[in-house]
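Given next are the chains, with one letter for each unit.
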Amino acid sequence: MSTLSLTHRDVDLLDNPSWHALTGPHASFAIGGDLVRRYPAEVAPFVAVRSWGDPRVWDALAELVGPDAEVGLSGTDDPPPPGWEILGHGAGVQMVETDVLATRPFEEAIELGADDVPEMLALVERNQPGPFRPRTHELGRYIGIRREGTLIAMAGERLHPEGWTEISAVATDPEFRGQGLASRLVLDVAFHIQQRGDRALLHAAASNTGAIAVYERLGFVLRRHTTFSAVRTPAI
């Protein structure tokens, strides 16, 4: 049976991973101040809020991203103030590794970098695993599989709160699914995360039950449910 043991500090980090990434290992990417921070738009679309309980957050958020801007948020179900437009909501899950996760390198995998970005963007566009921008690969280690020279599967590292690294951009073209490529890439990424002394986490849409079942079989466990939403800041 898998086990999960988290300290109070771990729980605090994982309840707000974007904020703890942008105030920790990813601080060099951070734009913003003490209340709200974000990644550069070409790196990632995420905005991080220190605490949704602070009434100043919405004004700070509007100031940071500007008027009439679309913003992706997580961790709050509260409606925005008057003048903001709600564009959509989505239910998500956060999963973390357990002692069952048997990580190992994947010999066929190759490391991806700046020269591979056009193909990485195209693969993401075809498979829609989640947000991926031209500089997202700078957030961590990305690997992929090529067949006849074409990138057909990939996975990598994204959010990085202290002691944890998120596995993201797990994508396999449909004609190559069923071969276990995504699972083997995830286990390779997790292997290198553990080699650094970190632990692996990931996020998925709650509706993506197939992927969640695969992650559970690999040795991840549901930690919490979360809400992803998109809003537009006031025009003026």
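This structure is a prediction, so every number in the text was calculated from the model and none was measured. (Residues numbered from 1 in each chain as written. Predicted model: local features only at pLDDT ≥ 70, side-chain atom pairs only at ≥ 80, totals over all residues. Heavy atoms only, no water.)

Participant: Got a sec to walk through the overall build of the protein? Specific residues and values, please.
Facilitator: For the protein, the helix and strand inventory stands at six helices and eleven strands. Considering only intrachain contacts with a sequence separation of at least 6, the fraction spanning at least 24 residues in the protein is 70%. Taken as a whole, the protein presents about 11,400 Å² of accessible surface, with 51% of it coming from carbon and sulfur. Treating the 21 positive side-chain charges of the protein as one cloud and the 32 negative ones as another, the clouds have centres 2 Å apart. (Helix = DSSP H or I, 4+ residues; strand = E, 2+ residues; numbered from the N terminus. Contact = heavy atoms within 4.5 Å. Areas by Shrake-Rupley, 256 points an atom, 1.4 Å probe, with all protein chains shown as cover. Lys, Arg positive; Asp, Glu negative; His and termini not counted. Charge placed at Lys NZ, Arg CZ, Asp CG, Glu CD.)

Participant: Kindly report on the pattern of salt bridges, identifying the contributing residues and their values.
Facilitator: In total, this model carries 17 salt bridges according to the counting rule given. With a shortest N-O distance of 3.8 Å, Asp 54 and Arg 50 are connected by a salt bridge. Overlapping salt bridges bring together Asp 15, Arg 223 and Arg 224 as one network. (Salt bridge = Lys/Arg side-chain N within 4 Å of Asp/Glu carboxyl O.)

Participant: Account for helix H4 (residues 117-127), naming residues and giving values.
Facilitator: Among the residues of H4, those classed as buried are Val 117, Met 120, Leu 123, Val 124 and Asn 127. The arc that holds the buried residues of H4, viewed along the axis, is 125°, so those residues lie on one side. Every exposed residue of H4 that faces more than 90 degrees away from the buried side is listed here: Pro 118 and Glu 125. Among the structural elements, strand E6 (110-112), strand E7 (142-147), strand E8 (150-157) and strand E9 (164-172) are those in contact with the buried residues of H4. Gln 128 sits one or two positions beyond H4 and adopts a positive phi of about 55°. (Buried < 20%, exposed > 50% of the residue type's maximum accessible area, 1.4 Å probe, protein only. Arc of directions from axis to C-beta.)

Participant: Would you mind going over the packing of aromatic side chains in detail, with residue names and values included?
Facilitator: By the definition in use, this model includes five aromatic pairs. Note on Phe 29 and Tyr 39: the rings are 6.2 Å apart at their centroids and 50° apart in plane angle, and the pair reads as tilted. On the criterion of sequence distance, the pair formed by Phe 29 in the loop between helix H2 (17-22) and strand E1 (31-32) and Tyr 39 in the loop between strand E2 (36-38) and strand E3 (47-49) is long-range, its members being ten residues apart. Both residues of the pair, Phe 29 and Tyr 39, count as buried. Relative to Phe 220, the ring of Tyr 215 lies with its centre 6.1 Å away and its plane at 70°, an arrangement referred to as edge-to-face. Each member of the pair, Tyr 215 as well as Phe 220, carries the same accessibility label: buried. Through pairs of rings, three or more aromatic residues link up here, namely Trp 52, Trp 58 and Trp 84. Across from the ring centre of Trp 19, 5.7 Å away, lies the NZ or CZ of Arg 37, which sits over that ring. (Phe/Tyr/Trp six-rings, centres within 6.5 Å; stacked < 30°, edge-to-face > 60°. Lys NZ or Arg CZ within 6 Å of the ring centre and 35° of its normal.)

Participant: Outline the packing of helix H5 (residues 181-195) against helix H6 (residues 209-218), listing residues and values.
Facilitator: Direction vectors running N to C along H5 and H6 enclose 50°, while the axes themselves pass 11 Å from each other. By the angle between their axes, H5 is oblique relative to H6. H6 is crossed by H5, and the crossing has right-handed handedness. Packed against H5, whose contacting residues are Ser 183, Val 186 and Leu 187, the element H6 presents Val 214, Tyr 215 and Leu 218 at the interface. Across the contact of H5 with H6, the residue classes break down as five nonpolar, one polar and no charged. (Axes fitted to C-alpha atoms, helices over the stretch in contact; angles between N-to-C directions. Parallel < 35°, antiparallel > 145°, perpendicular 65-115°, else oblique. Left-handed = near helix turned anticlockwise from the far one by under 90°. Nonpolar A, V, L, I, M, F, W, Y, C, P; charged D, E, K, R; others polar.)

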